[in-house]
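# Examining the three-dimensional arrangement
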Amino acid sequence: AVIELMETTEEKNLCCEAIRTLGKIGCGNQTATLALEKFLQINRGDRICLSAAEALLLVDKGNEVAKDSLVFLLESTQELYLLVKAVKFLQEIDSRNQAAIKVLSERLETCKDDCHRAEIAASLGKFDRNQVGVKETLIQLLETSENNYLFGLEYLGILNENELYFYPRIITSLVQL
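This text gives an overview of the structure that appears in the document. Small disclaimer: the values here were computed from a predicted structure and weren't measured.

## Some details on the side chain of N97
Position of N97 among the secondary structure elements: in the loop between α6 (80–93) and α7 (98–110). Side-chain polar atoms of N97 contact the backbone nitrogen of A99, separated by 3.1 Å. If near-sequence neighbours (up to four positions away) are discounted, N97 is found in contact with K67, V71, L90 and F127.

Next comes the structure, spelled out in structure tokens:
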């Protein structure tokens, strides 16, 4: 009944509830796994897919369809919330996901918005803090941006003490917060 509701309802909130329920009760269930995989193959790149991928990972930890859907979300979304959540889920199940690293690296190179660049660099740094461009981007943004929101401590966790020492504007800005 839950699978049928997920597959047939037009109401997104109801569909999301069905997906979450399936994630909670379907652990190890092949029918639930197949239904969620099918759902993700048809529906790609939006909030409901994030819920479906999360549910699928609860039902079948390490599921490749779920990973691929999350990477697709990283590639296609313009919503920071979805990007951050997709990174969080991928980090939990596959902290060395090369497809995610590649997509985030490409997005970092092409993104123009400071807020998005900071989130993308921080997200990329969660996979590999030594990835080319991560530290450089964060340091550049921290030094030049007028937006104080960029000075959140989550970005500084990627930078080490020696790197911060040479950037007085970062220290000055943090002291002002």
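## Observations concerning the pattern of salt bridges
Applying the stated criterion across every chain yields a total of seven salt bridges. Between K12 and D46 there is a salt bridge, with the nearest N and O atoms lying 3.2 Å from each other. Residue K12 is found in helix α2 (residues 12–25), and its partner D46 is found in the loop between α3 (30–42) and α4 (47–59); the two are separated by 34 residues along the sequence. Exposure remark for D46: the relative accessible area of 24% places this residue in the partly exposed category. The partner of K67 in a salt bridge is D94, with the nearest N and O atoms 3.6 Å apart. Of the two residues, K67 sits in helix α5 (residues 64–76) while D94 sits in the loop between α6 and α7, which places them 27 residues apart along the sequence. Linked through salt bridges whose partners overlap, the residues forming this network are E64, K67 and D94.

## Looking at the side chain of T77
Note on placement: T77 falls in the loop between α5 and α6. You can call T77 buried: its relative accessible area is 5%. Those residues in contact with T77, other than ones at most four positions away along the chain, are L82, L83 and R107.

Parameters at a glance
- Residues numbered from 1 in each chain as written.
- Predicted model: local features only at pLDDT ≥ 70, side-chain atom pairs only at ≥ 80, totals over all residues.
- Heavy atoms only, no water.
- Helix = DSSP H or I, 4+ residues; strand = E, 2+ residues; numbered from the N terminus.
- Polar contact = N/O pair within 3.5 Å; in protein donor to acceptor, adjacent residues only side chain to side chain.
- Contact = heavy atoms within 4.5 Å.
- Salt bridge = Lys/Arg side-chain N within 4 Å of Asp/Glu carboxyl O.
- Buried < 20%, exposed > 50% of the residue type's maximum accessible area, 1.4 Å probe, protein only.

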